[in-house]
Amino acid sequence: MWWDTSRIESTVTRDFVCSHLIPEEIERIDEQPGFGDGLTDGSYWEWIEFKAKRIFLLLVDLGIPDQIFGVIDDSWDDTDLPIALDQVDRLALTPGRDDKFVKKFYVRQFHYLVHYIDRNQHAVYEDDELVPVVVDKRPGLASGSSVDRVGLPNRPGEFFTRRRFTIGTDPGMITIENFLNEIKGAQNLQGDHLASYYASYVHQGCAYVLFTQSSDFNLKSLLSTTPGSLKLWKSIPKHDRRRLVMNWIHCLADTLCYIHRKGRSHGNIKPSTTLFCSTNHIFYSHMSRLYGEGSMSASEKTAFDRESYDYAAPEQWYRPSSSALRRTMTGRRSSISTSSESTTFSINRGGSDTSSTASSVLHTPNPLLDPQAADVYSLGCVILELLSLQMKRTSKAFASHRAAKHKLAGRGGAVLDSSYHRNPGQVETWMTALAKDASKKKDDVVFRGIAPVLHVVARMLSAVPQERPTAQEVEQVLYKILTERCQISEPHCVHQYGSEAGLLGLRNLSIGEQEEEEEGGSFSIATRKHMSGGSLSPRPGSGFSGHTRSGSNSASIDRHTMASAESSSSGERLLLQDVRASHGRSRPEWPASPMYSSSPTFIMGTN
């Protein structure tokens, strides 16, 4: 039981006080206190009611409620709490000195001085204060670690992720200044599908931060058919499950759009950071270092992260030479689209344009990296995993398929490279197989959206960052697919993004009626070699003159079977904002921040 102010006020009534006193003491509570020489008009009960409810509860807790009269005679009240350990004897609650009782009084008084943790609050608790946090200690949950699942008494039914950091200047610690700076950055991003900063506090030499959306499992465990998550997954009716997956895809794109419009990037999108709660609510992990690094040991931080490598964009593993960098900074597009260095993405290859070790490459700055474009690539990988789940294909089989071209005769040898960016051809054949499977399923209209979404993914997985659609373009096309092809009239996340100028990408994402490709046509993922002859125009918001995106001719996504023959002409195509308005649903607008940061430097999310 947590004794907050409201509980104390409602509990300590006259009847409650009398129930803990003997008849002679009950008669006394209406008398005037012994101090003041009769100059006060108040009674013992009035003092308790207005000034000493906490003290009375504490005395009841200690088994000496009758001592309230002597405490009041000495003019003690609730404002004197907490009473220092060396001052408890002044209350004269025991006939003689009793160190054990003194210690008990000192500790128990904090149970009646609870200060709740509220949203967006940073609190500093004294070492002996009671922090109102309830740690979930169910079997199977980690205990004593730097990451806990906790609840708050003032937020019943909600759970949070709590991360602990040791304050200090030694290795593995964080200074209080850095901690507070990280909090300021984390407070700026709040979303329904993003683990968001809730509150933080300092207690006993440690700093704690609470994030919303405590996860019960992640996409990696779901794809690996972990017993707990698989049981939860199969408990959903088939019809609802198919729509749930499509909604998940749109929610992830919508949230990434929100992050990018804030001028930020996630920087770590992969199955293990795509989280779920017990109600099948999907959300990203937070990008702040407070969310991810707190639970990592020193060895984990330096070890090669295979999952991050597999789902990373190719440019995150490509380090240009100094000459290539100079050419790009002076505006020569060939250094990005046609130079031989730009086609080398894997750390498994040597050469002057790659970093020296796999374990350090993700931490090596790449001046040409557009972190938002990298996010789009990683999200494309995650969407493809979700579509594979939708079509009942396992992630393990997909990984084996991607690595099939690297298999060598004999036994042993290096681990096979199953990354997306090193195996675009295998990814294409996998996508084709999914489209063929979907075309054979006639029992649910949801499957009509599989092939169009795969075409969006094909663009997202382009090896050329400038050719990928923005997160906003992805979200807009996915919305149209869900509402028109899958006939999901009310997707879970629906936001209005502003004027026609903000919807420019739709003109580059044309819809074509091509039934033969819907039934299993091949998919093409553009590589840098394919772009050598393309016509390039600057990417919106890019701070680099050589940082460009493909023009409308080469940048279009064929969203198959999306438009009817009667409305296929560009003059009749509606803007997405108008299409959404036809559903008659009021939608909140995102903050009116630019789609891209005006500065060439993005804030890179780390985990």
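Residues numbered from 1 in each chain as written. Predicted model: local features only at pLDDT ≥ 70, side-chain atom pairs only at ≥ 80, totals over all residues. Heavy atoms only, no water.

## A word on the overall build of the protein
Across its full length, the protein carries 25 helices and 11 strands. Within the protein, contacts between residues separated by at least 24 positions form 73% of all contacts whose residues are at least 6 apart in sequence. Total accessible area on the protein is roughly 27500 Å²; 51% of this is exposed by carbon and sulfur atoms. (Helix = DSSP H or I, 4+ residues; strand = E, 2+ residues; numbered from the N terminus. Contact = heavy atoms within 4.5 Å. Areas by Shrake-Rupley, 256 points an atom, 1.4 Å probe, with all protein chains shown as cover.)

## Examining the sheet that holds strand E9 (residues 282-284)
Read from one edge of the open sheet, 3 strands run E7-E8-E9, paired in antiparallel fashion. Looking at strand neighbours, the two that pair on one side only are strand E7 (217-218) and E9, the edges of this open sheet. Bridging between E7 and strand E8 (residues 274-276) involves 2 bridges; their strand directions are antiparallel. Residue pairing for E8: asparagine 218 is matched across the bridge by leucine 275. Against the sheet, helix H11 (residues 238-261) touches E8 and E9, its axis set at about 30 degrees to E9. (Pairing = 2+ DSSP bridges. Axes fitted to C-alpha atoms, helices over the stretch in contact; angles between N-to-C directions.)

## Details of the packing of H11 against helix H18 (residues 371-390)
One way to put it is that H11 packs onto H18 with a least axis distance of 10 Å and a crossing angle of 175 degrees. One finds that H11 runs roughly antiparallel with respect to H18. Contact residues: Arg241, Arg242, Val245, Met246, Trp248, Ile249, Leu252, Ala253, Leu256 and His260 in H11; Gln372, Asp375, Val376, Leu379, Val382, Ile383, Leu386, Leu387 and Gln390 in H18. (Parallel < 35°, antiparallel > 145°, perpendicular 65-115°, else oblique.)

## A short note on the pattern of salt bridges
Summed over all chains, the structure comprises 20 salt bridges. A cluster of three or more residues bridged by salt bridges with shared partners is formed by Arg242, Arg243, Asp443 and Asp444. (Salt bridge = Lys/Arg side-chain N within 4 Å of Asp/Glu carboxyl O.)

## Things to note about the nonpolar core
Met246, Ile383, Leu384, Leu387 and Tyr420 are the most contacted members of the largest nonpolar core, which totals 64 residues. Of all the secondary-structure elements, those providing two or more residues to this core are helix H9 (219-223), H11, E9, H18, helix H20 (424-439), helix H21 (450-460) and helix H22 (471-485). When near neighbours in sequence (up to four residues on either side) are disregarded, leucine 387 contacts Met246, Ile249, Leu434, Ile450, Val453 and Leu454. Within the second largest apolar cluster, 37 residues are counted, among which are Val12, Trp45, Leu59 and Leu91. (Core = buried A, V, L, I, M, F, W, Y, C linked by side-chain atoms within 4.5 Å. Buried < 20%, exposed > 50% of the residue type's maximum accessible area, 1.4 Å probe, protein only.)

## Observations regarding the pairing of strand E6 (residues 206-211)
Within E6, 6 of the 6 residues are buried, which leaves it mostly tucked inside the rest of the structure. Judged from the 6 bridges that link them, strand E4 (residues 155-166) and E6 form a sheet pairing that is antiparallel. In the strand pairing of E6, arginine 163 is matched with valine 209. Direction of pairing for strand E5 (residues 197-203) relative to E6: antiparallel, over a ladder of 6 bridges. Bridge pairing in E6 places tyrosine 197 opposite phenylalanine 211.

## Thoughts on the side chain of glutamate 25
Position of glutamate 25 among the secondary structure elements: in helix H3 (residues 23-28). Within the buried core, glutamate 25 has no salt-bridge partner, and the shortest N-O distance to an opposite charge, that of arginine 28, equals 6.8 Å. Every residue in contact with glutamate 25, bar those within four places of it in the chain, is listed here: Asp66 and Phe69. (Lys, Arg positive; Asp, Glu negative; His and termini not counted.)

## What to know about the sheet that holds E4
The 6 strands lie next to each other as E1-E5-E6-E4-E3-E2, forming an open sheet whose pairing is mixed. A strand with exactly one partner marks an edge of an open sheet, and here the two such strands are strand E1 (121-124) and strand E2 (134-135). Against the sheet, helix H8 (residues 176-187) contacts E1, E4, E5 and E6, and its axis sits at roughly 165 degrees relative to E5.

## Overview of a positive patch on the surface
On the surface, Lys234, Lys238, Lys392 and Lys441 cluster together to form a positively charged patch. Relative to the helices and strands, lysine 238 resides in helix H11. (Patch = residues over 30% accessible without salt bridge, like charges linked within 9 Å, V, L, I, M, F, W, Y side chains within 5 Å. Charge placed at Lys NZ, Arg CZ, Asp CG, Glu CD.)

## Some details on the packing of H18 against helix H19 (residues 395-402)
It is at 10 Å that the axes of H18 and H19 come closest, and there the two elements cross at 125 degrees. With respect to their mutual orientation, H18 and H19 come out oblique. Between H18 and H19 lies a crossing whose hand is right-handed. Contacts between H18 and H19 involve Leu384, Glu385 and Ser388 from the former and Ser395, Phe398 and Arg402 from the latter. Among the residues making up the contact of H18 with H19, the classes are represented as 2 nonpolar, 2 polar and 2 charged. (Left-handed = near helix turned anticlockwise from the far one by under 90°. Nonpolar A, V, L, I, M, F, W, Y, C, P; charged D, E, K, R; others polar.)

## Observations concerning the confidence of the model for the protein
Chain-level statistics for the protein give a pLDDT mean of 74 and a share of 66% at 70 or above. Throughout residues 527-607 the model reports pLDDT below 50, and contacts reaching past four residues in sequence, or to other chains, amount to 225 contacts. (pLDDT = per-residue confidence, 0-100.)

## Details of H21
For H21, the tally of buried residues reaches 11 of 11 residues, placing the bulk of the element in the interior. Those residues of H21 that fall on the buried side of the exposure criterion are Ile450, Ala451, Pro452, Val453, Leu454, His455, Val456, Val457, Ala458, Arg459 and Met460.

## Quick notes on the packing of aromatic side chains
For the coordinates displayed, the defined rule picks out 14 aromatic pairs. Where tryptophan 3 meets tyrosine 112, the ring centres are 5.8 Å apart and the plane angle is 40 degrees; that geometry is what we call tilted. You can see tryptophan 3 sitting in the segment before helix H1 (5-11) and its partner tyrosine 112 sitting in the loop between helix H7 (99-108) and E1, a full 109 residues away along the chain. In this structure tryptophan 3 comes out as buried when scored by relative accessible area, which is 13%. Members of the aromatic cluster, joined through ring pairs, are Tyr311, Phe398, Tyr420 and Trp430. A cation sits over an aromatic face here: arginine 393 above tryptophan 430, 5.1 Å from the ring centre. Its guanidinium or amino end placed over the ring of phenylalanine 447, lysine 441 lies 5.6 Å from that ring's centre, counting from NZ or CZ. (Phe/Tyr/Trp six-rings, centres within 6.5 Å; stacked < 30°, edge-to-face > 60°. Lys NZ or Arg CZ within 6 Å of the ring centre and 35° of its normal.)

## Looking at the environment of aspartate 118
Of note, aspartate 118 is situated in the loop between H7 and E1. Here the alpha-carbon distance between aspartate 118 and alanine 199, two residues 81 residues apart in the chain, equals 6.6 Å. Apart from residues no more than four positions distant in its own chain, aspartate 118 is found in contact with Asn154, Tyr198 and Ala199.

## Some details on the pairing of strand E3 (residues 147-152)
In terms of burial, E3 is a largely internal element, 5 of the 6 residues being buried. Note: E2 against E3, 2 bridges, orientation antiparallel. Looking at E3, one finds that valine 134 is bridged to glycine 151. Taken together, the 5 bridges between E3 and E4 define a ladder with antiparallel strand orientation. Each bridged residue has a counterpart across the sheet, and for leucine 152 the counterpart in E4 is arginine 155. The hairpin turn running from E3 into E4, its antiparallel successor, is 2 residues long.

## Details of the environment of isoleucine 174
Within the secondary structure layout, isoleucine 174 lies in the loop between E4 and H8. Considered as a pair, isoleucine 174 and alanine 207 are 33 residues apart in the sequence and their alpha carbons are 8.7 Å apart. Filtering out sequence-adjacent residues up to four positions away, isoleucine 174 remains in contact with Phe165, Thr166, Ile167, Gly168, Phe179 and Leu290.

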